[in-house]
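# What the coordinates show
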Amino acid sequence: MDAYGYIEVVGLVPAIAAADAALKAANVEVVGKENTGKAMIAVIVKGEIGSVRSAVAAAEEEAARLSTVVNTNIIARPDEALKALY
């Protein structure tokens, strides 16, 4: 595993659709979802850096079609301490 990718959207249904799009677009694994407040949901994926980039891009496109994308981020080569979270 080389990277984590995050997409934060407004609403559970767009978050699920984003996760589905990410999984279909690339060889990544969904490692969690977090309620970040005020109906915002963050979906976290992990995998090889290229796959994570493709997955987050696909997730962002799908979520934007349904709702508001609040933020996306990719962390390449995460520190070992961060890996303990997921």
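Residues numbered from 1 in each chain as written. Predicted model: local features only at pLDDT ≥ 70, side-chain atom pairs only at ≥ 80, totals over all residues. Heavy atoms only, no water.

## Overview of the sheet that holds strand β1 (residues 3-10)
Read across the sheet, 4 strands follow the order β2-β3-β1-β4 without closing on themselves; strand pairing throughout is antiparallel. Of all strands in the sheet, those bounded by a partner on one side alone are β2 (29-37) and β4 (69-76). Between one strand axis and the next, the sheet turns through 15 degrees on average, direction left out of account. Pairing of β1 with strand β3 (residues 40-47) involves 8 bridges; the strand directions are antiparallel. Bridged to Ile7 within β3 is Val43. Along the sheet, helix α1 (residues 12-25) contacts β1, β2 and β3; its crossing angle with β3, the most-contacted strand, is approximately 15 degrees. (Pairing = 2+ DSSP bridges. Helix = DSSP H or I, 4+ residues; strand = E, 2+ residues; numbered from the N terminus. Axes fitted to C-alpha atoms, helices over the stretch in contact; angles between N-to-C directions. Contact = heavy atoms within 4.5 Å.)

## Regarding the packing of aromatic side chains
According to the stated counting rule, one finds 1 aromatic pair in the structure shown. Pairing Tyr4 with Tyr6 gives two aromatic rings, centres 6.5 Å apart and planes at 40 degrees, and the pair type is tilted. In this structure Tyr4 comes out as buried when scored by relative accessible area, which is 1%. (Phe/Tyr/Trp six-rings, centres within 6.5 Å; stacked < 30°, edge-to-face > 60°. Buried < 20%, exposed > 50% of the residue type's maximum accessible area, 1.4 Å probe, protein only.)

## Structural notes on the packing of α1 against helix α2 (residues 49-66)
Running from N to C, α1 and α2 cross one another at 145 degrees; their axes reach a closest spacing of 7 Å. Crossing of α1 against α2: the hand is right-handed. Between α1 and α2, the residues in contact are Pro14, Ala17, Ala18, Ala21, Ala22 and Ala25 and Ser54, Ala55, Ala58, Ala59, Glu62, Ala63 and Leu66, respectively. When the residues that make up the contact of α1 with α2 are grouped by side-chain class, the tally is 11 nonpolar, 1 polar and 1 charged. (Left-handed = near helix turned anticlockwise from the far one by under 90°. Nonpolar A, V, L, I, M, F, W, Y, C, P; charged D, E, K, R; others polar.)

## A word on the pattern of salt bridges
According to the stated counting rule, one finds 2 salt bridges in the structure shown. Notably, a salt bridge pairs Lys24 with Asp20, separated by 2.9 Å at the nearest N-O pair. Pair noted here: Lys24 and Asp20 are both in helix α1, with a separation of 4 residues, about one helical turn. A salt bridge links Glu62 to Arg65, with the shortest nitrogen-to-oxygen separation between them at 2.7 Å. Placement of the pair is Glu62 and Arg65 together in helix α2, with a separation of 3 residues, close to one helical turn. For Glu62, a relative accessible area of 22% puts it in the partly exposed group. Residue Arg65 is classed as exposed on the basis of its relative accessible area of 59%. (Salt bridge = Lys/Arg side-chain N within 4 Å of Asp/Glu carboxyl O.)

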